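Chain residues, written in single-letter form:
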Amino acid sequence: MSVRSWLKLALAAFAALALSAISLAGAVADKPDPVADANAFRNYFVKKFPNVKLEDFVNGPYALNEDMRRQWLEKEQFPPYEFSLEMGKELFARPFANGKHYSDCLPNQGIGIRQNFPYFDEKEGKVVTLELALNRCREANGEEVISYVGEEMAALTAHMAFTSRGKPFDIKIPNDPRALEAYQNGKRYFYTRRGQLNFSCATCHVQNPGERMRAEVLAPALGILNALPIYRSEWGGMGTTSRRFTTCNSQIRGVPLEPQADEYRDLEYYLSYVSNGLPISGPGARP
Amino acid sequence: MASSIRVRAIANGEITEVQTLIQHPMDSGFVKDDKGEFIPAHFIQELTFEYDGRKVFVADWGTAVSKDPYVKFSFKGGNKGDDLKVSWIDNKGATDNATVKIQ
Amino acid sequence: MSMIGSTAQIRLCCLLVPMWLIASTVSVPAAGSEAEFKAAFAAAEAAEKEAEGLRNRWTATEAALTEANKAADRGDFDQAISQAKEAEALAKASIFQDTNEKDAWKNLEIR
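One numbering rule holds for all chains: residues counted from 1, following each sequence as written. Here every chain gets a letter starting at A, and every ligand a number starting at 1, in the order they are written. Only residues with pLDDT of at least 70 get local features here, since the model is predicted, and only at 80 or more are side-chain atom pairs given and counted; chain-wide, interface and lining totals rely on the full set of residues.

**Q** Can you walk me through the overall build of chain B in this structure?
**A** Of regular secondary structure, chain B possesses zero helices and seven strands. Going along the chain from the N terminus, every DSSP run of H or I of four or more residues is numbered as a helix, and every run of E of two or more is numbered as a strand. In sequence order, the secondary structure elements of chain B are arranged as β-β-β-β-β-β-β. In terms of principal-axis extent, the alpha carbons of chain B reach across some 55 × 25 × 20 Å. Put plainly, a residue is buried at 20 or more neighbouring C-beta atoms within 10 Å of its own, exposed at 12 or fewer, and partly exposed in between, counting only other residues' C-beta atoms, which are placed from the backbone. Every one of the 103 residues in chain B was classed for burial, and the buried ones make up 17%.

Structure (structure tokens):
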């Protein structure tokens, strides 16, 4: 009898504590503070993996698993993404039917700028990713758009990433409530559970980095976009950020949204911002 | 740019270390395309490395080898500046070869 | 940290409750008819449409809807109705997930 009432009391106190934590969390989350978010994000992973150098997080599972790291370093001498990279360089240099090039649409002729994407376009009021910018360049020059999940887009973004290797992510959030909203949307998407498996991005990449999901070792969310696009052995080829987002969705049994949907653009914005300062390591190679 | 073969050979004392990356679909014949039809098997059957007129490495491959295969091996001998020849033939009779100087 | 985890677990239990309720109220008809199938399928489709509006569909729901149609095509209306009801339950669970996650996502957030 006394045990039961003690349990009741404990449960009530527990629930009260939990509820107050939630309401506190709610109050804090009402006004997004990206700078504080990014600091907390970074500190979480640095604390979780004290032996990993900050810039090494961009190497995903290789930063967390010795055996995989050794195999990866060996392959990097002759990386599997070389063919795609070469194709990307050629595609980038190829003129459109009207004689113009991708370099005419992009700052600094498209060289060494990958670390500035995505950015918030204040005229449009939306986030613009690298893939989106490339297809818009095509459209503006009378060309048909290419698939966001196909080989060509992967090769193009691989080439652009390569010209930015080593440069730190430099994502800006302008003093514009719409930009803050996009950032917050991306953050919310990242932590929201979805799919029949009821996973959020955070379930794997915040709660379980370094652990195994079937035969794969999960990458930490910090620096996770720095290596994209990636040559995945599983795919037998190079794949874009869009491909990674959509396939992650279907893997947790959620119907993927269309590539470059607002949600994905905002997600890329958030994930890139919280990895500011970490170097671009793309194109990457993964199992 | 038409060659499917990337090769690098480095002389290291008594041995030469060779790395190769070959661009080839290596279709197993078990994968279906968008229309639901099998993509026919298309794979490298024999891969050969020759040095100084003799074969230093020969691989008999089948459908178990993945797309864009990577090979790394060492052989005894090989001097800096000498030629190393790589060649392959696939099940459709297509071939390619490349010659590289040992570094 | 563990406190927040427990809350997530309580919420996960809440996610499972509606499915249990739905399952317990489903009664298998004696012999399914095409009309019953059409009604069950319409209900499932309506729920899935709502999930689509929320941009939170599950692949399992889509698979069940496809199976329901396939069964109906070959005249197996018992199976078709069963699959359609399954699809409806899944669609409703995905809607519940979306509603629940509107607040629950903050539990996972790194602070």
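Moving on, there is more to tell.
**Q** Is there a simple way to explain the overall build of chain A in this structure?
**A** Secondary structure summary: chain A contains 11 helices and seven strands in total. Evaluated residue by residue, chain A yields a buried proportion of 41% over its 287 residues. In this description, a residue-residue contact is defined by the distance between C-beta atoms placed from the backbone, which must lie within 7 Å. Within chain A, contacts between residues at least 6 apart in sequence are counted, and of these 73% link residues at least 24 apart.

**Q** I would appreciate a short explanation of the environment of Asn185(A) in the present structure.
**A** By secondary structure assignment, the location of Asn185(A) is in helix α8 (residues 177-191). Measuring from C-alpha to C-alpha, the distance between Asn185(A) and Glu143(A) comes to 32 Å, with 42 residues separating the pair along the chain.

**Q** Where do I start with the sheet that holds strand β4 (residues 54-60) of chain B in this structure?
**A** Residues and elements named next belong to chain B. Between any two strands, at least two bridges found by DSSP are needed for them to pair. Taken in spatial order, the four strands make up an open sheet running β4-β3-β6-β7, and their pairing is antiparallel. Strand pairing shows two members of the sheet lacking a second neighbour, β4 and β7 (95-101), which therefore form its edges. The mean angle between the axes of side-by-side strands here comes to 15°, regardless of whether they run parallel or antiparallel. As judged from the seven bridges shared by strand β3 (residues 44-51) and strand β6 (residues 83-90), these two strands associate in the antiparallel manner. To obtain an axis, a line is fitted to C-alpha atoms, over the contacting stretch when the element is a helix, and the angle between two such axes runs from 0 to 180 degrees between their N-to-C directions.

**Q** I keep staring at the sheet that holds strand β5 (residues 70-76) of chain B and nothing clicks. Help me out?
**A** Sheet strands line up and pair through hydrogen bonds in the backbone, either parallel or antiparallel. Residue and element names in this part refer to chain B. With antiparallel pairing, three strands are arranged side by side in an open sheet as β1-β2-β5. Two strands close off the open sheet at either side, each with one partner strand: β1 (5-12) and β5. Here the average twist between neighbouring strands, direction ignored, is 15°. Pairing of β1 with strand β2 (residues 15-22), which is carried by eight bridges, proceeds in the antiparallel orientation. Within the sheet, the bridge partner assigned to Ala9 lies in β2 and is Val18.

**Q** Sorry, what's going on with helix α3 (residues 59-73) of chain C here?
**A** Because each turn of an α-helix spans 3.6 residues, side chains separated by three or four positions end up pointing in the same direction. Residue and element names in this part refer to chain C. Taking 1.5 Å of rise per residue, the 15 residues of α3 would be expected to cover 21 Å, and the 21 Å separating its terminal C-alpha atoms lies within 8% of that figure. Buried residues belonging to α3 abut α2 (34-53) and α4 (77-104). Two residues or fewer past α3, Gly75 is found with a positive phi of approximately 85°. To estimate the expected span of a helix, count its residues, drop one, and scale the result by 1.5 Å.

**Q** Can you help me understand the packing of α8(A) against helix α11 (residues 262-273) of chain A in this one?
**A** All names here are of chain A. Viewed as axis vectors pointing N to C, α8 and α11 meet at an angle of 90°, and their least axial separation amounts to 7 Å. In terms of orientation, α8 and α11 fall into the roughly perpendicular class. Facing α8, whose interface residues are Ala182, Tyr183, Asn185, Gly186, Lys187, Tyr189 and Phe190, α11 presents Glu263, Asp266, Leu267, Tyr269, Tyr270, Leu271 and Tyr273. For this classification, Asp, Glu, Lys and Arg are treated as charged, while Ala, Val, Leu, Ile, Met, Phe, Trp, Tyr, Cys and Pro are nonpolar and the rest, including Gly, are polar. Per-class residue counts for the contact of α8 with α11 are nine nonpolar, two polar and three charged. Here is the rule for angles: anything less than 35 degrees is roughly parallel, anything more than 145 is roughly antiparallel, 65 through 115 is roughly perpendicular, and the remaining ranges are oblique.

**Q** I'm lost on the nonpolar core in this one. Help?
**A** Nonpolar side chains in soluble globular proteins tend to be buried together. Formed by 60 residues in total, the largest nonpolar core has its most connected members in Ala158(A), Phe190(A), Leu267(A), Tyr270(A) and Leu271(A). Looking at which element gives the most residues to this core, the answer is helix α7 (residues 151-162) of chain A, with seven residues. A set of buried Ala, Val, Leu, Ile, Met, Phe, Trp, Tyr and Cys residues, joined through C-beta atoms within 7 Å, is what we mean by a nonpolar core. Core analysis: the next-biggest nonpolar cluster, separate from the first, contains 23 residues, Trp58(C), Ala64(C), Ala71(C) and Ile81(C) among them.

**Q** What is the right way to look at α11(A) in this model?
**A** Here α11(A) contains 12 residues, and its C-alpha end-to-end distance of 16 Å stays within 8% of the 16 Å for a straight helix at 1.5 Å per residue. Turning to α11(A), its buried residues are Tyr264(A), Arg265(A), Asp266(A), Leu267(A), Glu268(A), Tyr269(A), Tyr270(A), Leu271(A), Ser272(A) and Tyr273(A).

**Q** What am I meant to see in the pairing of β7(B) here?
**A** Both faces of the sheet carry side chains from a regular strand, because those side chains alternate between them. Residues and elements named next belong to chain B. In the sheet, β6 pairs with β7 via seven bridges, with the strands oriented antiparallel. Paired with Ile89 across the strands is Thr95, a residue of β7. In this antiparallel pair of consecutive strands, β6 and β7, the connection spans four residues, and Gly93 shows a positive phi of 90°.

**Q** Before we go on, may I ask you to explain unusual backbone geometry in this structure?
**A** Most peptide bonds take the trans form, and the phi angle of most residues other than glycine is negative. Cis peptide bonds are those with omega within 30 degrees of zero, and the linkage from Phe117(A) to Pro118(A) qualifies with 0°. Tracing the backbone shows Pro118(A) in the loop between α5 (82-93) and β1 (119-121). Cis rather than trans, the peptide bond between Leu228(A) and Pro229(A) has omega equal to 0°. Position of Pro229(A) relative to the elements: it lies in the loop between β4 (216-217) and β5 (230-232). Of note in the backbone geometry, Asp68(B) takes a positive phi value of approximately 50° without being a glycine. As for its position among the elements, Asp68(B) is in the loop between β4 and β5. Residue Asp68(B) is classed as buried on the basis of its C-beta count, with 21 C-beta atoms lying within 10 Å. Positive phi values are uncommon outside glycine, yet Arg55(C) reaches one of about 60°. Among the structural elements, Arg55(C) can be located in the loop between α2 and α3.

**Q** Even after reading the chapter, I still don't get the confidence of the model for chain B, so can you show me in this structure?
**A** When pLDDT is low, close inspection of the predicted coordinates is not appropriate. For every residue, the pLDDT score states the predictor's confidence, bounded by 0 at the bottom and 100 at the top. Chain-level statistics for chain B give a pLDDT mean of 94 and a share of 98% at 70 or above. Across the assembled chains, the prediction reports ipTM 0.84 with pTM 0.84.

**Q** Is there a simple way to think about the environment of Ala41(B) in this case?
**A** All names here are of chain B. Locating Ala41 in the fold gives a position in the loop between β2 and β3. Accessibility expressed as a C-beta count within 10 Å gives 17 for Ala41, which makes it partly exposed. Taking the C-alpha atoms as reference points, Ala41 and Phe30, 11 residues apart in sequence, are found 7.6 Å from one another. Other than its neighbours up to four places away in sequence, Ala41 contacts Asp27, Ser28, Gly29, Thr63 and Asn91.

**Q** How do you make sense of the packing of α5(A) against α7(A) when you look at a structure like this?
**A** For any two helices packed against each other, one specifies the crossing angle of their axes together with the interaxial distance. Residues and elements named next belong to chain A. Running from N to C, α5 and α7 cross one another at 90°; their axes reach a closest spacing of 7 Å. As summarised for this structure, α5 and α7 are arranged roughly perpendicular, according to the angle between their axes. Every residue of α7 that contacts α5 at Ser84, Leu85, Met87, Gly88, Lys89, Leu91 and Phe92 is listed here: Glu152, Ala154, Ala155, Leu156, Ala158, His159 and Phe162. For the contact of α5 with α7, a count of residues per class yields nine nonpolar, three polar and two charged.

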